[in-house]
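A closer look at the structure
Residue strings, one per chain:
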Amino acid sequence: MDYEAVIGLEVHLELKTRSKIFCGCSTAFGMEPNSSCCPVCLGLPGSLPVLNRSALEMAVKAALALNCRVEGRSRFDRKNYFYPDLPKAYQISQYELPVARGGYLEIDLPGGIKRVNIERVHMEEEAGKLLHAGGSIMESDYSLVDYNRAGIPLLEIVTAPNISSGKEARLFLEELRLLLFYCDVSDCRMEEGSLRCDANISLNLPGAAMGNKVEVKNMNSFRAVEYALDYEAQRQAEILSRAGEIVQETRHWDEENRVTVSLRGKEEASDYRYFPEPDLPPLLIEESWVQELKEALPELPAHKRLRFEEQYRLDPKDVAVLTSSPELACFYEEAARHVEDYTGLANWVKGDVLRIHNDSGKAIGEMTPLALAETISLLERGEISRPVAREVLEEALVRGKNPAQVVQDRGLGRIADPGTLGPLIEKVLQENPKAVESYLQGREKALGFLVGKVMAATRGRSDPAAVNTILRDKLQNLPGKVE
Amino acid sequence: MKEIAQIVDYLALLVRLELDEEQKKVLAAQLDNILDAARRVQELDTSGVEPTAHVVSSRGTLREDEVKPSLSLEEVMQNVPLKEGSLFRVPSMSGSGGPNGPGGPAPEQIHASEEAGDRQEGKG
Ligand SMILES: [Zn+2]
């Protein structure tokens, strides 16, 4: 019997504001512990939260990009729980009335496009960070708390349970990350904790009622999400196939052992006693502002991919790489304005530009696309060879130089001058007597070998036509040549 | 009243307070009064009245996304019973299950009788 997996995701991501959601404390990463705290984010008596306009704007932008309906009226609630990562003993969140509902995000599957529905999008504040002192995590005798992260704006995105596999979940997260990059609202770095994902998964036979849900937590990478959910689906299928029962529970992904582990018995039923946050008025959002933000949204990844395929007639695989960041896509398009061979250009961008970016650490956004276009033009006009072009491009992109100038300054142009090539060619002839003899015996192929040697001696800079001519000439007039 | 005693026990668990029998008795009586007041409000006929969570209906003001000075570390730590460097020190939460925590056994309870002053860092 084949079970169907029913998966829903809960994604938390940090919005990239400069200051926290309800106070002016900095959100910068890596500050001294507890040095970015104030009465508001520490929950000191008498302090009052005021919503950060940018946090709201980013939330609305993300919601719009996810095709959600932004609610004209939403509300903040207190989620009460007592744990040292919450200085106030409650987290300001949105419970009953989230800022947006009912959207979708499409992912590309081998069988076609799948629409993953979004149930809701809401804002909340991040909790502080707990560090466990002492030996192993389970044995530490006390914990330490840093409240710098407390109050950083978070967006929670909840999908409908219409994801069917670990792979779909990973693809959804990858597409979501790309979308939010494009909207410039989050860095979505799972390793740094700016994006977290929990999942609900149940199994059922086609057409049958939904099975018991298991919540899976502690997945620290997109790959981990995929593995954990596939593992969990298999685990549940095994239990069901021997007529067992799935326990409704929370399980943790154990990265090392590649299994999900039950937290049974260690968990208390949660009772957050939500109630409306009295310190914040209801959140009223004007339709006209939403409309403005909607119109200001950049071209989103799915649209850009389609346009690239059509406009530049590129392979979808190339397009996926070129649109993997808005900066790279912009770089390609700028260069494409001056280049005719779009596929060739795509190869340059996918290959050399990304390599140069990785090697040098120079941001794509700080590189000049025109430098690539000019380098390609020098290459097409035969003024430089391909290896030289790659060298020139690197210098031009990293140091912001004009390619033609680099060629001139470093003497990298083609060598066609007989005065320079002559001695080089003579040296090659002396060093390769066998090839010379072979040519003289009528084997044309030997000439190619000798040309190659001359090219290598000049690191590809010699003009092949000139080398050919001079080489033939010298071979014709070799002393002691037998007719 | 058994029912109110159970509520007190449950709330004490939620807020991680260990109460002795005497404290529970006092709190049960107070809580009963509070709940009684709420029950009386609930008797009112509110059909056709929109739920009012806030008395103000004005649109809230927003603040611009500007970084303002935070408190100095000295001020932040001023009333901290226990610390280590610039970190707050609290009972072990390792493996315990706060909603954002790693999950595991319940966190140790902080004893209600323990005054902050008793837990001041020893040697100073
Ligand atoms: Zn603050």
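Residues numbered from 1 in each chain as written. Chains lettered and ligands numbered in written order. Predicted model: local features only at pLDDT ≥ 70, side-chain atom pairs only at ≥ 80, totals over all residues.

1. Concerning the overall build of chain A
Which entries qualify depends on this criterion: Secondary structure elements are taken from DSSP: a helix is a run of H or I of four residues or more, a strand is a run of E of two residues or more, and numbering for both begins at the N terminus. Between the two quantities, the radius of gyration covers C-alpha atoms and the globule rule is 2.2 Å times the number of residues to the power 0.38. Residue burial is a threshold on neighbouring C-beta atoms within 10 Å of the residue's own C-beta, all placed from the backbone, with 20 or more meaning buried, 12 or fewer meaning exposed, and counts in between meaning partly exposed.
From N to C terminus, chain A includes 16 helices and 16 strands. Since a compact globule built from 483 residues should have a radius of gyration of about 23 Å, the 31 Å found for chain A marks it as more spread out than a globular shape. Along the first, second and third principal axes, the C-alpha atoms of chain A reach 105 × 55 × 50 Å. Counting only residues that meet the buried cut, chain A has 39% of its 483 residues in that class.

2. Here we look at the overall build of chain B
Applicable threshold: The contact rule is simple: place each C-beta atom from the backbone, and if two of them lie within 7 Å, those residues are in contact.
For chain B, the helix and strand inventory stands at three helices and four strands. In chain B, the succession of α and β elements from N to C terminus is α-β-α-α-β-β-β. Across the 124 residues in chain B, those meeting the buried criterion constitute 11%. Partitioning the contacts of chain B with sequence separation of at least 6, the portion at a separation of at least 24 is 40%.

3. Comments concerning the sheet that holds strand β5 (residues 90–93) of chain A
As a general point, the strands of a sheet are linked pairwise by backbone hydrogen bonds and lie either parallel or antiparallel. Residues and elements named next belong to chain A. The following threshold applies: Here, a strand pair is defined by DSSP locating no fewer than two bridges between the strands.
Reading across the sheet, the three strands line up as β5-β4-β15 and stay open at both edges, with antiparallel pairing between neighbours. Looking at which strands have only one partner, the edges of the open sheet turn out to be β5 and β15 (275–276). Both strand β4 (residues 77–80) and β5 contribute to a ladder of four bridges, which runs antiparallel. If you follow D77 over to β5, its bridge partner there is S93.

4. Examining helix α14 (residues 433–440) of chain A
Residue and element names in this part refer to chain A. Stated formally: Relevant arc is that of directions from the helix axis to the C-beta atoms, nothing else.
Within the sequence span of α14, burial applies to A435, V436 and Y439. Along the axis of α14, the buried positions cluster into a sector of 105°, meaning they face one direction only. Turned more than 90 degrees away from the buried face of α14, the exposed residues are P433, K434 and E437. Residues of α14 that are buried make contact with α13 (418–431), α15 (445–457) and α16 (464–476). Within two residues after α14, G442 carries a phi angle of roughly 105°, on the positive side.

5. Observations regarding the sheet that holds strand β2 (residues 69–70) of chain A
Residues and elements named next belong to chain A. Heads up, the rule is: Axis definition: a line fitted to C-alpha atoms, limited for helices to the stretch in contact. Angles are taken between N-to-C directions and run from 0 to 180 degrees.
Pairing is mixed across the open sheet formed by nine strands, whose spatial order is β2-β6-β7-β10-β1-β11-β12-β13-β14. The strands lining the two open edges of the sheet, one partner per strand, are β2 and β14 (259–262). Summarising the sheet, strand β7 (residues 112–125) and strand β10 (residues 153–159) pair through seven bridges and their orientation is antiparallel. The partner of E125 across the bridge, within β10, is P153. Contacting β2, β6 (100–109), β7 and β10, helix α2 (residues 53–65) runs over the sheet at an angle of about 160° to β7. The sheet contacts of helix α4 (residues 222–241) involve β1 (4–14), β11 (195–204), β12 (214–219), β13 (249–254) and β14, and relative to β11 the element is tilted by about 20°.

6. Here's the deal with unusual backbone geometry
Residues and elements named next belong to chain A. Unusually for a residue other than glycine, A89 sits at a positive phi of about 70°. One can find A89 in the loop between β4 and β5. Phi at N218 is positive, roughly 65°, even though this residue is not glycine. You can see N218 is positioned in strand β12. On the neighbour-count criterion, N218 (19 C-beta atoms within 10 Å) is partly exposed.

7. Points about the nonpolar core
All names here are of chain A. Rule in force here: The term nonpolar core refers to a set of buried Ala, Val, Leu, Ile, Met, Phe, Trp, Tyr and Cys residues connected through C-beta atoms within 7 Å.
If you look at the biggest cluster of nonpolar residues, it comprises 81 residues, and the most contacted ones within it are A59, A62, A63 and V121. If you tally residues by element for this core, the top one is α2, at nine residues. Setting aside residues no more than four positions away along its own chain, A62 makes contact with V121, L155, L180, C183 and V185. Grouped together as the second largest cluster of nonpolar side chains are 33 residues, I356, M367, A371 and L372 included.

8. Considering the environment of A302 of chain A
Residue and element names in this part refer to chain A. Mapped onto the elements, A302 comes out in helix α6 (residues 301–311). Classification of A302 as partly exposed rests on a count of 18 C-beta atoms within 10 Å. Taking C-alpha positions, A302 is 9.6 Å from L105, a pair spaced 197 residues apart along the chain.

9. Concerning the environment of G207 of chain A
Residue and element names in this part refer to chain A. Tracing the sequence through the fold places G207 in the loop between β11 and β12. The exposed category is assigned to G207, around which 6 C-beta atoms lie within 10 Å. Note: C-alpha distance between G207 and E4 (203 residues apart in sequence) is 9.4 Å.

10. Focus: the packing of α13 of chain A against α15 of chain A
Residues and elements named next belong to chain A. Heads up, the condition is: Note that the term roughly parallel is reserved for angles under 35 degrees, roughly antiparallel for angles over 145, roughly perpendicular for angles of 65 to 115, and oblique for everything else. For any helix crossing, the convention is left-handed if the near helix is rotated counterclockwise from the far helix by under a right angle, and right-handed if that rotation is clockwise. Each residue gets one of three labels, nonpolar for Ala, Val, Leu, Ile, Met, Phe, Trp, Tyr, Cys and Pro, charged for Asp, Glu, Lys and Arg, and polar for the others, Gly among them.
For the pair α13 and α15, interaxial distance at closest approach is 10 Å and the crossing angle is 125°. On the basis of the axis angle, α13 is oblique to α15. α13 and α15 meet at a crossing whose hand is right-handed. Touching L424, I425 and V428 of α13 are L450, K453, V454 and A457, all from α15. Of the residues belonging to the contact of α13 with α15, the class tally is six nonpolar, no polar and one charged.

11. Considerations on the confidence of the model for chain B
Convention followed: Residue-level confidence of the predictor, termed pLDDT, takes values from 0 up to 100.
This prediction gives chain B a mean pLDDT of 75; 68% of its residues lie at or above 70. Interface scoring of the predicted complex returns ipTM 0.78; its pTM is 0.81.

12. Here we look at the environment of L314 of chain A
All names here are of chain A. Here L314 is to be found in the loop between α6 and α7 (316–322). When the 20 C-beta atoms within 10 Å are taken as the criterion, L314 is described as buried. Once the C-alpha coordinates of L314 and L263 are considered, the two residues, 51 residues apart in sequence, prove to be 49 Å apart. With sequence-adjacent residues up to four places away left out, L314 is seen in contact with F308, E309, V319, Y342, T343 and A346.

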